[in-house]
Amino acid sequence: MYTFYITKNGKIDREGNTLYFIGEDFKTHLPIMNISDLIISGKVSISSWALNYLSKIGIVVHFISEDYSYLSTLFPSNSNEQGDLTIKQAIHYLDLNKRMKIAVEIVKGIKNNIIKNLKYYNENNTLNEFIKRIENYSISSNTIDGLRGIEGNIWSVYYSAFPLMFKGIQNFERKFNPPPDPLNAMISYGNSILYSIALTAIKISGLNPSISYVHEPSDRSFSLALDIADVFKPIIVERVIGTLINKGIMKESYFTYREGGCYLNDFGRKVFIENFRNKLESTIKINNKYYSYQGLILEECYKIRKHLNEELNYKSFKVEE
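Residues numbered from 1 in each chain as written. Predicted model: local features only at pLDDT ≥ 70, side-chain atom pairs only at ≥ 80, totals over all residues. Heavy atoms only, no water.

**Some remarks on the overall build of the protein chain**
From N to C terminus, the protein chain includes ten helices and twelve strands. For a compact globule of 321 residues, the expected C-alpha radius of gyration is about 20 Å, and the protein chain comes in at 20 Å, within 12% of that figure. Across its three principal directions, the C-alpha atoms of the protein chain cover 60 × 50 × 40 Å. Taken across its 321 residues, the protein chain has 53% of its residues classed as buried. Across the protein chain, contacts joining residues at least 24 apart in sequence account for 64% of those joining residues at least 6 apart. (Helix = DSSP H or I, 4+ residues; strand = E, 2+ residues; numbered from the N terminus. Rg over C-alpha atoms; globule rule 2.2 N^0.38 Å. Buried < 20%, exposed > 50% of the residue type's maximum accessible area, 1.4 Å probe, protein only. Contact = heavy atoms within 4.5 Å.)

**Notes on the sheet that holds strand 8 (residues 70-74)**
If you trace the four strands from one edge of the open sheet to the other, you get 1-5-7-8, paired in mixed fashion. Looking at the sheet topology across the chains shown, the edges are occupied by strand 1 (2-6) and strand 8. Neighbour-to-neighbour, the strand axes of this sheet turn through a mean angle of 20 degrees, independent of strand direction. By the bridge criterion, four bridges tie strand 7 (residues 60-64) to strand 8 in an arrangement that is antiparallel. When the bridges of strand 8 are listed, Val-61 appears paired with Leu-74. (Pairing = 2+ DSSP bridges. Axes fitted to C-alpha atoms, helices over the stretch in contact; angles between N-to-C directions.)

**A word on the pairing of strand 10 (residues 261-264)**
Taking every second residue as pointing to the same face, both faces of strand 10 are buried, with Gly-261 and Tyr-263 on one and Cys-262 and Leu-264 on the other. Pairing of strand 9 (residues 255-258) with strand 10 involves four bridges; the strand directions are antiparallel. The residue of strand 10 that forms the bridge with Thr-256 is Tyr-263. Hairpin geometry of strand 9 and strand 10 is characterised by an intervening segment of two residues between the two adjacent antiparallel strands and by a positive phi of about 50 degrees at Glu-259.

**A few points about the nonpolar core**
Leu-118, Ile-193, Phe-232, Phe-272, Phe-276 and Ile-297 are the most contacted members of the largest nonpolar core, which has 90 residues in total. With 17 residues, the next largest nonpolar core counts Ile-32, Leu-38, Ile-46 and Ile-59 among its residues. (Core = buried A, V, L, I, M, F, W, Y, C linked by side-chain atoms within 4.5 Å.)

**Section: the pairing of strand 2 (residues 10-15)**
As judged from the three bridges shared by strand 2 and strand 6 (residues 44-46), these two strands associate in the parallel manner. By the bridge assignment for strand 6, Lys-11 is matched with Ser-45. Both strand 2 and strand 3 (residues 18-22) contribute to a ladder of five bridges, which runs antiparallel. Within the sheet, the bridge partner assigned to Ile-12 lies in strand 3 and is Phe-21.

**Digging into the sheet that holds strand 2**
Taken in spatial order, the four strands make up an open sheet running 4-3-2-6, and their pairing is mixed. Of all the strands in the sheet, just strand 4 (27-29) and strand 6 have a single pairing partner and so form its edges. The sheet shows a mean angle of 25 degrees between the axes of neighbouring strands, taken without regard to direction. Against the sheet, helix 1 (residues 48-56) contacts strand 2, strand 3 and strand 6, and its axis sits at roughly 70 degrees relative to strand 2.

Below, the structure written as structure tokens:
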């Protein structure tokens, strides 16, 4: 099972038990029997008949807005969400000690994966200072707000290193709604895709996506997806962007500017998605077993589930390379 991406404008309609994506000058069959979710970042309408069928066969549909922020998700009626597991999630949220155990481990994963990514791009030791600064942050606090402050400082140092990680970037400041430049546009687009994939994994695992541990549930309707996606951002989103920029794959002509923002055009989104999908499908070896990166996101959800069920203490994914 894999994720199917739709970046063009059009509509999804149903003919019998077959779904088609129909544009102005094309009609494409959707391979619905092999996909777990759809991620739509174009202007797409879905007929009620097609929507009924998507729900019936259990496909999750995510929508990303024109400014690359997450918009909404259509969940199938046969959701895996379980009441007893939701209660356990709530207990671990309400009990500060229980919440901190999960939240601290999530931030440890973020810190580790950011450091590993900096080391990956550390040609001629130009990133040593940034690595040392992040290594010096101790992931310990008595409060969630204090922990989030530490996490925020780590991300700030990490973003400040981007001009040395990516070729041709003179300066960088993380901005969105709208993204003002190509790098911010790719980060926003990649983050929204990763968030959507994390949300699908959460639903498959039976967790409740609205109960989170680092983020507050009020941060976003499905805030647990933010927690999980943050662990994987450095080694998925930034690795894809590094490939596109440093190998000269992504061109200036693949972007368009409108209403004060910078966005990938149709061809740019196609190139980005191809490389993003390749990264998700690539595998790494962990304890003599191979996992795809998309599989690791689902595994992260199951690890949290096992922790809630007191079967295994949760340890966030930490890349070893």
